[in-house]
Amino acid sequence: MIGNDRVASQADRRLIYRQDVMTRLTHWVWAVAMFFLLLSGLQIFNARPNLYIGQESGFAYQNSILDIYALNREGGPIGQTKLFGMTFDTTGVLGVSDNNGRASFTAFPGWATIPSYRDLGTGRVVHFFFAWILVGTLLMWLVNAISSGHLWRDIVLKPRDIRGLPRDIWDHVRLRFTHGRSYTPLQKVAYFGVFAAAFPLIILTGLSMSPGMNAAWPWLTEIFGGRQTARTIHFFTMLAFVLFFIVHIAMVVLAGPFNELRSMITGYYRTNTHGEEK
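Residues numbered from 1 in each chain as written. Predicted model: local features only at pLDDT ≥ 70, side-chain atom pairs only at ≥ 80, totals over all residues. Heavy atoms only, no water.

Caption draft 1: Spatial organisation of the packing of aromatic side chains. Taken as a whole and assessed by the stated rule, the structure comprises 16 aromatic pairs. Here Phe-129 and Phe-130 contribute two aromatic rings whose centre-to-centre distance is 5.1 Å and whose plane-to-plane angle is 90°, an arrangement assigned as edge-to-face. A centroid spacing of 5.7 Å and a plane angle of 90° characterise the contact between Phe-235 and Phe-236, whose relative ring orientation is edge-to-face. With a relative accessible area of 31%, Phe-236 lands in the partly exposed category. Here a set of aromatic residues connected by ring pairs shows up, and it is made of Trp-30, Trp-141, Phe-195, Phe-199 and Phe-241. (Phe/Tyr/Trp six-rings, centres within 6.5 Å; stacked < 30°, edge-to-face > 60°. Buried < 20%, exposed > 50% of the residue type's maximum accessible area, 1.4 Å probe, protein only.)

Caption draft 2: Geometry of helix 5 (residues 185-208). For helix 5, with 24 residues, the first-to-last C-alpha span of 33 Å sits near the 34 Å given by 1.5 Å per residue. Its axis deflected by about 35° at Val-194, helix 5 carries its strongest bend there. Inspection of helix 5 places Pro-185, Lys-188, Tyr-191, Val-194, Phe-195, Ala-198, Phe-199, Ile-202, Thr-205 and Ser-208 among the buried residues, and these make up the whole buried set. (Helix = DSSP H or I, 4+ residues; strand = E, 2+ residues; numbered from the N terminus. Expected span 1.5 Å × (residues − 1). Bend = angle between axes of the 7 residues up to and from the residue.)

Caption draft 3: Local environment of the pairing of strand 5 (residues 86-89). Judged from the four bridges that link them, strand 4 (residues 76-83) and strand 5 form a sheet pairing that is antiparallel. Along strand 5, the bridge assignment pairs Lys-82 with Thr-87. The loop that links strand 4 with its antiparallel partner strand 5 comprises two residues; one of these, Phe-84, has a positive phi angle of about 50°. (Pairing = 2+ DSSP bridges.)

Caption draft 4: Expanded view of the packing of helix 1 (residues 21-46) against helix 2 (residues 120-148). Contact pair helix 1 / helix 2: the axes reach a minimum separation of 8 Å and the direction vectors enclose 155°. Our classification of the angle between helix 1 and helix 2 gives roughly antiparallel. Helix 1 and helix 2 meet at a crossing whose hand is left-handed. For the contact of helix 1 with helix 2, the residue count by class is 18 nonpolar, nine polar and one charged. (Axes fitted to C-alpha atoms, helices over the stretch in contact; angles between N-to-C directions. Parallel < 35°, antiparallel > 145°, perpendicular 65-115°, else oblique. Left-handed = near helix turned anticlockwise from the far one by under 90°. Nonpolar A, V, L, I, M, F, W, Y, C, P; charged D, E, K, R; others polar.)

Caption draft 5: Structural view of the sheet that holds strand 5. The antiparallel open sheet is built from four strands, whose spatial order is 2-3-4-5. The sheet terminates laterally at strand 2 (50-52) and strand 5, the two strands that pair on one side only. If you compare each strand with its neighbour and ignore which way they point, the axes differ by 25° on average. Two strands pair when backbone bridges link them, and strand 3 (residues 64-73) and strand 4 are joined in this way by eight bridges, in the antiparallel orientation. Bridging across to strand 4, Asp-67 finds its partner in Lys-82. Contacts between helix 8 (residues 227-255) and the sheet are confined to strand 2, strand 3 and strand 4, with strand 2 contributing the most and set at about 120° to the helix. (Contact = heavy atoms within 4.5 Å.)

Caption draft 6: Just the side chain of Asp-154, in detail. With respect to the helices, strands and loops of the structure, Asp-154 is situated in helix 3 (residues 150-155). Accessibility expressed as a relative area gives 3% for Asp-154, which makes it buried. Only 2.8 Å separates the side chain of Asp-154 from the side chain of His-150, close enough to count as a polar contact. Engagement of the side chain of Asp-154 in a polar contact is seen with the side chain of Arg-153, the distance being 3.3 Å. Dropping the residues within four chain positions of it, Asp-154 is found in contact with Ser-182, Tyr-183 and Lys-188. (Polar contact = N/O pair within 3.5 Å; in protein donor to acceptor, adjacent residues only side chain to side chain.)

Caption draft 7: Inspection of the pattern of salt bridges at higher detail. The tally for this structure, following the rule as stated, stands at three salt bridges. A salt bridge links Lys-188 to Asp-161, with the nearest nitrogen and oxygen atoms 3.4 Å apart. Taken together, the residues span a long stretch of sequence, with Lys-188 in helix 5 and Asp-161 in helix 4 (residues 159-173) at a distance of 27 residues. As far as the burial class goes, Lys-188 and Asp-161 line up, both buried. The shortest N-O distance in the salt bridge between Arg-174 and Asp-171 comes to 2.7 Å. (Salt bridge = Lys/Arg side-chain N within 4 Å of Asp/Glu carboxyl O.)

Caption draft 8: Fine view of the environment of Gly-79. Examined against the element boundaries, Gly-79 turns out to sit in strand 4. Overall, Gly-79 belongs to the buried group, its relative accessible area being 0%. Each C-alpha atom of the pair Gly-79 and Val-252 lies 35 Å from the other, and the pair is 173 residues apart in sequence. For Gly-79, the contacting residues outside a window of four places in its chain are Tyr-69, Ala-70, Phe-88, Asp-89, Thr-90, Thr-91, Leu-94, Gly-95 and Val-96.

Put into structure tokens, the structure is as follows:
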């Protein structure tokens, strides 16, 4: 395997076959599924734009940690977001937004939800449909990743990855990117966090909010400290995925979008490393 040698003057610029068919296929299925899950999830959130900790919620309780709402003022309606007791004016984005010249009183604006109008039923159907596509694709990826060695080689963190992390972070800060067959330490940390923590967390918290799963696995909700806590964890894990996506796209652009996209379309990747990994 081509090693992570950073000596650019001695770079070997060969094309290598880096991503197999299953890795590429699941990558794009995830991208589509996560898009629909995000926007339909915001539609579902709009039905109750509050987050709580524990089992209890409702107008009689004062235990919310996030509230998005609209208020009437002399100058007109405003949108506000209250997070951990701190209040922010979010007019035009959250709480109150413009909808073709008319004020829309929803937590998230119509352009950020599926459907764009208020329809909880359709939002739930879309959300659950793509949730099962995501789960099924993850299982396919896991079987392939184990059998091909991709999981052990590129995802599982090893002591040498931890040792190489400070240097790799410094290289990224200086926009010096390593293009090799295997992932760099920073990439491994990111992907390990996604596959070992974020995906299981968002799937399990989603299942814990299902009445059917509550009946079949009542212990699942208790693991997360209650249905409302599970919903809160689900929401903030979604925000973590959004942040991961933004950083991921930024890195693709900075590292060379043509080369990065080619590896996820054709499987072939141009390296700037040489030698063989031991």
